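Now for the letters of each chain:
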Amino acid sequence: MALPTTGLITLEMVCKEFGKPLPYTMSQLYGAMPGVPTSGMISLMHFYGVANTFTLTISNSIASPAIHQLALNAGWNGTAPLLVIFACPMVNSIRLDSTKTFPGGLTLQINAGCFVGGVINSGTAIFTTVPVSINNMGTIAGGGGKGGTGNWTFARYSNDPTNVNGPPGAGGNGQGFANTSATSVTAAQLGFYGTTAYYSGDTVGAAPWASGGTGGNGGNWGIAGAVGQSNGDWGGNYSAGGVATPATAGAVAGLYIYGNSQVTWINKGTVMGNFS
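These numbers come from a predicted model, not from an experiment. (Residues numbered from 1 in each chain as written. Predicted model: local features only at pLDDT ≥ 70, side-chain atom pairs only at ≥ 80, totals over all residues. Heavy atoms only, no water.)

Chemist: Help me out: how do you make sense of the sheet that holds strand S5 (residues 94-96) in this one?
Modeler: In any sheet, the strands associate via hydrogen bonds between backbone groups, in a parallel or an antiparallel arrangement. Spatial strand order, S5-S8-S19-S22: four strands in an open sheet with parallel pairing. Unpaired on one side and paired on the other, S5 and strand S22 (274-275) mark the two borders of the sheet. Pairing geometry for S5 and strand S8 (residues 126-128), over three bridges, is parallel. Across the sheet, residue Ile94 finds its bridge partner in S8, namely Ile126. (Pairing = 2+ DSSP bridges. Helix = DSSP H or I, 4+ residues; strand = E, 2+ residues; numbered from the N terminus.)

Here it is as C-alpha cells:
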C-alpha cells in the first residue's frame, strides 16, 4: 500500500512499507528506492506517496509461469507489493494458489498485444485462489471446447441377432495451447468422420452396413465445441437399422478466470470464455 502523499508520515510507517526490522532507524532507509540518498542527510519527505513495489517484467512468451519463484529469482524480497508486467506476445496458463503467498499484494498487468490463454479443450487461462489485481489491456481467453461425438448407428441382417455397429467420429479439439509447456497456439480442429462397418457373414444381396455420424468441430478461443452430427447412415440388405446412440453435445468453453471472487479488476479488457 502506498504511503500518504501529504500529512502525517512516520518512521514506523516507512520502515513497515519497506519491510525493515525493529528497531526502526533512519539509516535503514538509505538507498531504499531510486532517489533516496545512500548516505548523508535523509528525510521522511523522500517517501511521500511511494510504495515499495517490486516490478517483474516478462518480455518473452512463457508457459505456466512460476510467478512467485521468478520474482524471487529477480530480487523480490517475498513481502513487498509485486507488480508483474506481461509485455510478451503469449502467456500459457497462469496459476496462482495458496501454497505461494504475496503478503504485500500482487498485481498482474497484461499489456496491449499480449494474449493469455488456456490449453486446448476447455483449458483455464488464469487460475487463482489468492487475492490478485488484474490490469488487462490485452486478451484473456479460455481454451475452446472439444466437439461432441457423432451418432452411433446399427444394421442387422435377417434373423442374425448380431448388430453391425457404425462407430461415430470424434469431436475436433478446441483451440488453445497444445499442453501447459507450449507457447504456440493449436488451431481448432474439424470433427472427424464416422467409421463404416459391414456385416461379415454370408448374405443374399448387399451386405448390411452402418456408418457413424461425424464429430462436431472444436471451438475457437472461448467458444464451446459444436454438437456432434446426426448424419450417420445404414444400408444394404438389412432387416433392421437405425440410430443406436444419439450424437453428443460439445464441451463448454474454458474459463478465462477461475477464482473471480479473488480478483480486483483494474481493467477487464478483452475476455473470452466463461468465468467462475
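Chemist: Would you take a moment to explain the layout of surface pockets for this structure?
Modeler: Its boundaries defined by the atoms lining it, the largest pocket holds a volume of some 340 Å³. Taken together, 21 residues form the lining of the largest pocket, with Pro65, Ile94, Arg95, Leu96 and Asp97 sitting closest to its centre. Contributing elements (two or more residues each) for the lining of the largest pocket: helix H2 (67-73) and S5. In the lining of the largest pocket, the residues fall into ten nonpolar, eight polar and three charged. (1 Å grid on protein atoms, 1.4 Å probe; cavity = no way out; pocket = protein on both sides within 12 Å on 5 of 7 lines; lining within 4 Å. Points joined across faces, edges and corners; volume = space filled by probe spheres on them. Nonpolar A, V, L, I, M, F, W, Y, C, P; charged D, E, K, R; others polar.)

Chemist: Would you take a moment to explain the nonpolar core for this structure?
Modeler: Nonpolar side chains tend to gather and get buried jointly when the protein is soluble and globular. Residues Phe86 and Leu108 are the most contacted members of the largest nonpolar core, which totals 29 residues. Looking at this core, the elements that each hand over two or more residues are strand S1 (54-58), H2, strand S3 (82-86), S5, strand S6 (106-110), strand S9 (132-136) and strand S19 (255-258). With sequence-adjacent residues up to four places away left out, Leu108 is seen in contact with Ile67, Val84, Phe86, Ile94, Leu96, Val132, Ser133, Ile134 and Asn135. Within the second largest apolar cluster, eleven residues are counted, among which are Leu3, Ile9, Leu29 and Val36. (Core = buried A, V, L, I, M, F, W, Y, C linked by side-chain atoms within 4.5 Å. Buried < 20%, exposed > 50% of the residue type's maximum accessible area, 1.4 Å probe, protein only. Contact = heavy atoms within 4.5 Å.)

Chemist: Help me understand the packing of aromatic side chains in this model?
Modeler: Two descriptors summarise a pair of aromatic rings, namely the distance from one centre to the other and the angle between the planes of the rings. In total, this model carries eight aromatic pairs according to the counting rule given. An angle of 25° between the planes, with centres 5.8 Å apart, marks the rings of Trp76 and Phe102 as stacked. In this pair, Trp76 is assigned in the loop between H2 and S3 and Phe102 in the loop between S5 and S6, connecting sequence segments 26 residues apart. Across the pair, exposure class does not vary: Trp76 and Phe102 are buried alike. Ring geometry for Phe177 against Trp221: centres 5.9 Å apart, planes inclined by 65°, an arrangement best described as edge-to-face. Residue Phe177 is located in strand S13 (residues 176-177), and its partner Trp221 is located in the loop between strand S16 (209-211) and strand S17 (233-235); the two are separated by 44 residues in the primary sequence. By relative accessible area, Phe177 is classed as buried at 0%. (Phe/Tyr/Trp six-rings, centres within 6.5 Å; stacked < 30°, edge-to-face > 60°.)

Chemist: Is there a simple way to explain the pairing of S19 in this structure?
Modeler: In the case of a regular strand, side chains alternate between the two sheet surfaces. As paired strands, S8 and S19 are joined by two bridges and run parallel to one another. Directly across from Ile126, in S19, lies its bridge partner Ile257. As defined by bridge partners, S19 adjoins S22 across two bridges and the pair is classed as parallel. Its bridge partner lying in S22, Ile257 is registered against Phe275.

Chemist: For this particular structure, what's the right way to read the pattern of salt bridges?
Modeler: Once their charged atoms are close, side chains differing in charge can pair, the charge on each being opposite to the other. Summed over all chains, the structure comprises two salt bridges. Note that Glu12 is salt-bridged to Lys16, the shortest N-O span being 3.0 Å. Taken together, the residues Glu12 and Lys16, both in helix H1 (residues 11-17) and four residues apart, mark about one turn of the helix. Residue classification places Glu12 among the partly exposed residues on the basis of a relative accessible area of 40%. Note that Arg95 and Asp97 form a salt bridge whose closest N and O atoms lie 3.8 Å from each other. Judged by relative accessible area, which is 52%, Arg95 ranks as exposed. (Salt bridge = Lys/Arg side-chain N within 4 Å of Asp/Glu carboxyl O.)

Chemist: In this structure, what is going on with unusual backbone geometry? I would like to understand it.
Modeler: Leaving glycine aside, a negative phi is the common case for residues, and trans is the common case for peptide bonds. A cis amide bond links Leu22 to the next residue, Pro23, at an omega of -5°. The residue Pro23 is located in the loop between H1 and S1 in this model. A positive phi angle, near 60°, is found at Ser93, a position not held by glycine. Taking relative accessible area as the criterion, Ser93 reaches 12% and is therefore assigned buried.

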